[in-house]
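# Understanding the architecture of this molecule
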Amino acid sequence: MAEKQKRDYYEVLGVNKSSTPDEIKSAYRKAALKWHPDKWVNGTDAEKKTAEENFKEASEAYSVLSDENKKARYDRYGFAGMDGGAAGGGFGFADFDLNDILNSVFGRGFDFGGGSFSGFSGFSGFGRGNSGGSRTVRERGSNLRVKVKLNLQEIAHGTKKKIKVSKYVSCTHCHGSGSEDGQTETCPTCHGRGQVVQTVNSFFGQMQTASVCPTCNGQGTVIKKKCTHCGGEGITKGDEVIEIDIPAGVGEGMQLTMRGKGNAGPHNGVNGDLLVLIEEEAHPDFERDESTLIYNLFITIPEAIMGTQAEVPTVDGKVRVKIAPGTQSGKVLRLRGKGLPVLNGYGSGDMLVNVNVWIPKKINKEEEKLLQQLAQSENFKPNPTAEEKSFFSKIKDYFN
């Protein structure tokens, strides 16, 4: 079967030869976020395969175009300059660690699961052979996703939640090895290296490519007698109670990552992560805008005219606010620091009290008579100031 034609690195990232390093980095960031396998955990097998291939392709392209020397060789010689060196020059394109690439783009802590990405191969120069060193890899367990519902009090102060998760755990019978008797033997395909090497002849000489051994999946060993409890996988279905420490200030749709709390990896491999999706319960009194809380206060017409003190709730208890005489409906009072904590920041947001003057929908005859008398008074005839006439002057209180 003919080998799949490789796409031009610039085409893969959607950039050109004149693109700046920042533009190349930005293009790779978008591609990595789009095709990262973690985003396709729940996809079909075909979608997972496509995502993995595109992710590998983008990472390989970035590893070349982000390096000034490699980029210069690629611009001059194309893929030949990467695979084996131009005119027998002998320079090589060594294995690259995907975590190093991701951390350089996204910052430390972006983890693909440890080690070099299993799908990429190292390249040696003209006449050079494989180092022959062991390249065994540890299989990584898949990630788990759970939803956690929080009320406003829990969001305001942070909380701890204990949840029971059904997941793959290490087999207790074989201690995660997958072997019934603990015995393994050297893989007959890769001879314990975890890799298979292919040598091809080209115009520029011999080129070698290394890939994960299909027989042992990079382990370097194969099991002689499979565990009867886990079928040789080293993992079984089980339950675990996990305590989640949720910081104050989280919000709807945010996702927290608990490293190593996902499914166990086969054959004592690396555990996947637990991804915690935050769901926020609606509050009967407050509306939320990030760290700002909004409360609608209703007062009577006499209270608006003569002024009063009103009691309003906050996340830390009730407080009293002063309503000045002549307060108009739509007046906004700001309570500094009475909102929600700023996530990963300092201090708290504010609470906005939106004052609404309550107009009765029905009145009796005596009340109607009193209102008719008041309506004749000059004080009760509308006489708004220029500021009160302006719609924008009303809403500016939200931002001051």
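Residues numbered from 1 in each chain as written. Predicted model: local features only at pLDDT ≥ 70, side-chain atom pairs only at ≥ 80, totals over all residues. Heavy atoms only, no water.

### Quick notes on the overall build of the chain
This is how it is decided: Put simply, DSSP marks the helices as runs of H or I at least four residues long and the strands as runs of E at least two long, and each gets a number from the N terminus on. Three labels apply to residues, based on accessible area from a 1.4 Å probe with only protein chains included: buried if under 20% of the type maximum, exposed if over 50%, partly exposed otherwise in between. Residues are treated as being in contact if the distance between any of their heavy atoms lies within 4.5 Å. With residues, only the protein chains shown are counted as cover, and all accessible areas are computed by Shrake-Rupley using a 1.4 Å probe.
Along the backbone of the chain there are 11 helices and 15 strands. Buried positions account for 36% of the 400 residues belonging to the chain. Long-range contacts, defined as pairs at least 24 residues apart, comprise 67% of the intrachain contacts of the chain with a sequence gap of at least 6. Carbon together with sulfur atoms contributes 50% to the accessible area of the chain, which is approximately 23,900 Å² in total.

### Here we look at the packing of aromatic side chains
We apply this condition: Here is the rule: rings of Phe, Tyr and Trp (six-membered ring for Trp) pair when centre to centre is within 6.5 Å. Planes less than 30 degrees apart are stacked, more than 60 are edge-to-face, and the remainder are tilted.
One pass over the full model with this rule turns up five aromatic pairs. Residues Tyr-9 and Tyr-74 carry aromatic rings whose centres are separated by 4.7 Å and whose planes lie at 35 degrees to one another, so their mutual orientation is tilted. With Tyr-9 in helix H1 (residues 9–13) and Tyr-74 in helix H4 (residues 68–77), the pair connects residues that are 65 residues apart, well separated along the chain. For the pair shown, Tyr-9 and Tyr-74 are each scored as buried. With 4.6 Å between their ring centres and 10 degrees between their planes, Tyr-28 and Tyr-62 make a pair best called stacked. With a gap of 34 residues between them, Tyr-28 in helix H2 (residues 21–35) and Tyr-62 in helix H3 (residues 45–65) connect regions that are remote in the sequence.

### Concerning the sheet that holds strand E10 (residues 286–289)
Selection criterion: Should DSSP find at least two bridges between two strands, the strands are regarded as paired. Lines fitted to the C-alpha atoms define the axes, with helices restricted to the stretch that makes contact. Angles between their N-to-C directions range from 0 to 180 degrees.
With respect to topology, four strands assemble into an open sheet ordered E10-E11-E15-E14, the strand pairing being mixed. Where the open sheet ends on each side, the last strands, each with one partner, are E10 and strand E14 (332–335). Across the sheet, the mean angle separating the axes of adjacent strands is 25 degrees when strand polarity is ignored.

### Some thoughts on the pattern of salt bridges
To be explicit about the condition: Definition used for salt bridges: Asp or Glu carboxyl oxygen within 4 Å of a side-chain nitrogen of Lys or Arg.
In total, this model carries 16 salt bridges according to the counting rule given. Of the charged contacts, one joins Arg-7 and Glu-11 as a salt bridge, the two residues approaching to 3.6 Å between their closest N and O atoms. Taking the relative accessible area as the measure of exposure, Arg-7 reaches 34% and is therefore partly exposed. A salt bridge links Glu-280 to Arg-288, with the shortest nitrogen-to-oxygen separation between them at 2.9 Å. On the accessibility criterion, Glu-280 (23% relative accessible area) is partly exposed. Salt bridges linked by common partners bring Arg-7, Glu-11 and Glu-57 together as one network.

### So, the pairing of strand E8 (residues 255–258)
Consecutive side chains along a regular strand alternate between the two faces of the sheet. The two faces of E8 differ: Leu-256 and Met-258 on one face are buried, but Gln-255 and Thr-257 on the other face are not. Judged from the four bridges that link them, E8 and strand E9 (residues 274–280) form a sheet pairing that is antiparallel. Counted as the bridge partner of Gln-255 is Leu-277 from E9.

### As for the nonpolar core
Rules: What we call a nonpolar core is a set of buried Ala, Val, Leu, Ile, Met, Phe, Trp, Tyr and Cys residues that are connected through their side-chain atoms within 4.5 Å.
Counting residues in each nonpolar core, the largest one holds 36 residues, and the members touching the most others are Val-276 and Leu-297. In this structure, Leu-297 is in contact with Ala-310, Val-312, Val-321, Ile-323, Val-353, Asn-354, Val-355 and Asn-356, ignoring residues within four places of it in sequence. Ranked by size, the runner-up nonpolar core spans 19 residues in total, among them Tyr-10, Tyr-28, Ala-58 and Tyr-74.

### A look at unusual backbone geometry
The phi torsion at His-267 lies on the positive side, around 55 degrees, for a residue other than glycine. The topology assignment puts His-267 in the loop between E8 and E9. In this model, Asn-268 sits at a positive phi of 60 degrees, which is unusual for a non-glycine residue. Along the polypeptide, Asn-268 turns up in the loop between E8 and E9.

### What to know about the packing of H2 against H3
The following threshold applies: Angles below 35 degrees are treated as roughly parallel, those above 145 as roughly antiparallel, those between 65 and 115 as roughly perpendicular, and all remaining angles as oblique. Handedness of a helix crossing follows the sense of rotation of the near helix relative to the far helix, less than a right angle counterclockwise being left-handed and clockwise being right-handed. Basically, the charged four are Asp, Glu, Lys and Arg, the nonpolar ten are Ala, Val, Leu, Ile, Met, Phe, Trp, Tyr, Cys and Pro, and anything else, Gly included, counts as polar.
Relative orientation of the contacting elements H2 and H3 amounts to 165 degrees, with a least axis distance of 9 Å. In this view, H2 runs roughly antiparallel relative to H3, as classed from their interaxial angle. Considering only the axes of H2 and H3, their crossing is left-handed. Listed contacts from H3 to Ile-24, Lys-25, Tyr-28, Ala-31, Ala-32 and Trp-35 of H2 are Thr-50, Ala-51, Asn-54, Phe-55, Ala-58, Ser-59, Tyr-62 and Leu-65. Of the residues belonging to the contact of H2 with H3, the class tally is 10 nonpolar, three polar and one charged.

### Here's the deal with the state of the cysteines
Just so we agree on the cut-off: The criterion for a disulfide is a pair of cysteine sulfur atoms lying within 2.5 Å.
Scanning the model with the defined rule gives zero disulfides in all. With no disulfide of its own, Cys-187 lies closest to Cys-213 among cysteine sulfurs, the gap being 3.7 Å.

### Quick notes on the sheet that holds E9
Overall, mixed pairing links the three strands, which are arranged E1-E9-E8 in an open sheet. Every interior strand has two partners, whereas the edge strands, strand E1 (144–150) and E8, have only one. Within the sheet, the average angular offset between the axes of one strand and its neighbour, ignoring direction, is 25 degrees. As paired elements, E1 and E9 share seven bridges and run parallel to each other. Paired with Lys-147 across the strands is Leu-277, a residue of E9.

### Considerations on the confidence of the model for the chain
Interpretation of this model should avoid reading the predicted coordinates in detail wherever pLDDT is low. Using the following cut-off: How sure the predictor is of each residue is captured by pLDDT, a score from 0 to 100.
Summary statistics for the chain give a mean pLDDT of 78 and a share of 77% for residues scoring 70 or more. Here residues 84–96 is a poorly scored stretch, pLDDT under 50, and it has 39 contacts once near neighbours within four places are set aside; other chains count. In the predicted structure, residues 108–135 sits below a pLDDT of 50 and forms 90 contacts with residues beyond four places in sequence or in another chain.

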